[in-house]
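In case you want the letters, here they are:
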Amino acid sequence: MENTENDQNDHEKETKNDTPAEANGVEEEEEDELSKEIMARHFRPSIIKTEAWEGYMFAGLEIRIKESTDLYGAMLWPSAMVLCHFLDTHREEHNLVDKNIIELGAGTGLVTIVTSLLGAKVTSTDLPEILGNLQYNVNRNTRGRCRHPPLVTELSWGKDLEKRFPRASCHFDYIMAADVVYAHPFLNELMETFEHLCQDNTVILWAMRFRLDPENSFVGRFQKLFHLEELYNLPGLKIKLYSATRRCPRSQHLDTT
């Protein structure tokens, strides 16, 4: 009887000591560990012989990325690593084999490469001046390694969307986007592009680094059109990863326009 009372007292003490502050501390530690795990996927060559490249480990393979420092969009930002890490570690929940995917603002191509290595049929898009370096990285890392060769093509947000990607024939299972929201003057066009490409069953996976107010306000506007679920919150990297789907079915939206 005495042992039972002692056990009960010990349990009550442990319960009282489990305060919200301590729970938050544990959560922050887990987020820090996740951030470290993600950034550990990046490495640099010990000796650079012919050209500079950055190395990454995803889908069980080494990926070599060449950046172009004279183009903002041709540099790799941590948001792409966050999205790739999620896809690589959630393969059962998001099985990409034979799925149709489009990436917006593909940049150096890491997300395109990883999704291709995971079995998807990928359309990789960016501005014309980015495509040369993007195509080089994609070819270098996917040739002979994936089920479906990725397609690299131009897409300027908001321009010729129906002509380039007709709603009747272009059905994407996923839209991938990493660090596409920042202080640029094309946020309205980006929103229009999301809306055009997203069908009723399309899932948007979007990694975003929070910097300034325009980025924060974009999230509020985005939520008017899409259901938004937070998958990762990494304060140390100032990055959140979201999953999103349409709020209104496409047919209902068309009926009201």
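Since we're looking at a predicted model, the values are computed, not measured. (Residues numbered from 1 in each chain as written. Predicted model: local features only at pLDDT ≥ 70, side-chain atom pairs only at ≥ 80, totals over all residues. Heavy atoms only, no water.)

Counted by the stated rule, this structure contains 8 salt bridges. For arginine 64, the salt bridge identified is with glutamate 62, shortest N-O distance 2.8 Å. Residue arginine 64 is classed as partly exposed on the basis of its relative accessible area of 32%. Accessibility expressed as a relative area gives 32% for glutamate 62, which makes it partly exposed. For glutamate 195, the salt bridge identified is with arginine 167, shortest N-O distance 3.1 Å. Here arginine 167 lies in the loop between helix 6 (161-164) and strand 7 (174-178) and glutamate 195 lies in helix 7 (residues 187-197), a separation of 28 residues in the sequence. By relative accessible area, which is 11% here, glutamate 195 ends up buried. Each member of the salt-bridge network shares a partner with another, and the members are Arg41, Asp88 and Arg91. (Salt bridge = Lys/Arg side-chain N within 4 Å of Asp/Glu carboxyl O. Buried < 20%, exposed > 50% of the residue type's maximum accessible area, 1.4 Å probe, protein only. Helix = DSSP H or I, 4+ residues; strand = E, 2+ residues; numbered from the N terminus.)

On to the side chain of glutamine 199. Structurally, the position occupied by glutamine 199 is in the loop between helix 7 and strand 8 (203-209). Polar contacts involving the side chain of glutamine 199 include one to the main-chain carbonyl oxygen of cysteine 170, which spans 3.3 Å. Residues within four places of glutamine 199 in sequence aside, it is in contact with Arg167, Cys170, His171, Arg246 and Arg250. (Polar contact = N/O pair within 3.5 Å; in protein donor to acceptor, adjacent residues only side chain to side chain. Contact = heavy atoms within 4.5 Å.)

The calculated volume of the largest pocket comes to roughly 590 Å³. Lining the largest pocket are 30 residues, with Gly105, Asp126, Leu127, Trp157 and Tyr182 sitting closest to its centre. Partitioned by chemical class, the residues of the lining of the largest pocket number 17 nonpolar, 7 polar and 6 charged. (1 Å grid on protein atoms, 1.4 Å probe; cavity = no way out; pocket = protein on both sides within 12 Å on 5 of 7 lines; lining within 4 Å. Points joined across faces, edges and corners; volume = space filled by probe spheres on them. Nonpolar A, V, L, I, M, F, W, Y, C, P; charged D, E, K, R; others polar.)

Okay, the environment of alanine 59 next. Within the element layout of this structure, alanine 59 appears in the loop between strand 2 (54-58) and strand 3 (61-65). According to the relative accessible area criterion, alanine 59 is buried, its value standing at 18%. Separated by 28 residues in the primary sequence, alanine 59 and leucine 87 place their C-alpha atoms 9.0 Å from one another. Not counting residues within four places of it along the chain, the set of residues in contact with alanine 59 comprises Asp88, Arg91, Leu117 and Leu118.

This part covers the sheet that holds strand 3. Strands sit in the order 1-2-3 across an open sheet of 3 strands; the sheet is antiparallel. Each edge of the open sheet is held by one strand with a lone partner, namely strand 1 (42-43) and strand 3. With 2 bridges connecting them, strand 1 and strand 2 associate as antiparallel partners. The partner of phenylalanine 43 across the bridge, within strand 2, is glycine 55. Of the strands in this sheet, strand 1 and strand 2 are in contact with helix 3 (residues 78-89), which crosses strand 2 at around 25°. (Pairing = 2+ DSSP bridges. Axes fitted to C-alpha atoms, helices over the stretch in contact; angles between N-to-C directions.)

Here the focus is the packing of aromatic side chains. What the rule picks out here adds up to 9 aromatic pairs. For the ring pair tryptophan 206 and phenylalanine 218, a centre distance of 5.8 Å and an interplane angle of 80° mean the geometry is edge-to-face. Highlighted residues: tryptophan 206 in strand 8 and phenylalanine 218 in helix 8 (residues 213-225), separated in sequence by 12 residues. A relative accessible area of 1% means that tryptophan 206 is categorised as buried. Overall, the relative accessible area of 0% leaves phenylalanine 218 in the buried class. Site record: aromatic cluster; members linked through ring pairs are Phe194, Trp206, Phe218, Phe222, Phe226 and Tyr242. (Phe/Tyr/Trp six-rings, centres within 6.5 Å; stacked < 30°, edge-to-face > 60°.)

What follows concerns the environment of tyrosine 56. Looking at the element boundaries, tyrosine 56 is found in strand 2. Apart from the residues lying within four places of it in its own chain, the contact partners of tyrosine 56 are Arg41, His42, Phe43, Leu61, Glu62, Ile63, Ile65, Leu76, Met81 and Leu110.

Counting buried residues along helix 7, 8 of its 11 residues qualify, which places the element largely inside the surrounding structure. When we look at burial in helix 7, the residues that qualify are Leu187, Leu190, Met191, Thr193, Phe194, Glu195, His196 and Leu197.

Let us look at the nonpolar core. Counting 41 residues, the largest nonpolar core has Ile63, Leu83, Leu110 and Met176 as its most contacted members. With 7 residues, helix 3 is the largest single contributor of residues to this core. Leave out the neighbours within four places in its chain, and methionine 176 touches Leu83, Leu87, Leu96, Ile101, Ile102, Glu103, Leu104, Val111, Thr115 and Leu205. (Core = buried A, V, L, I, M, F, W, Y, C linked by side-chain atoms within 4.5 Å.)

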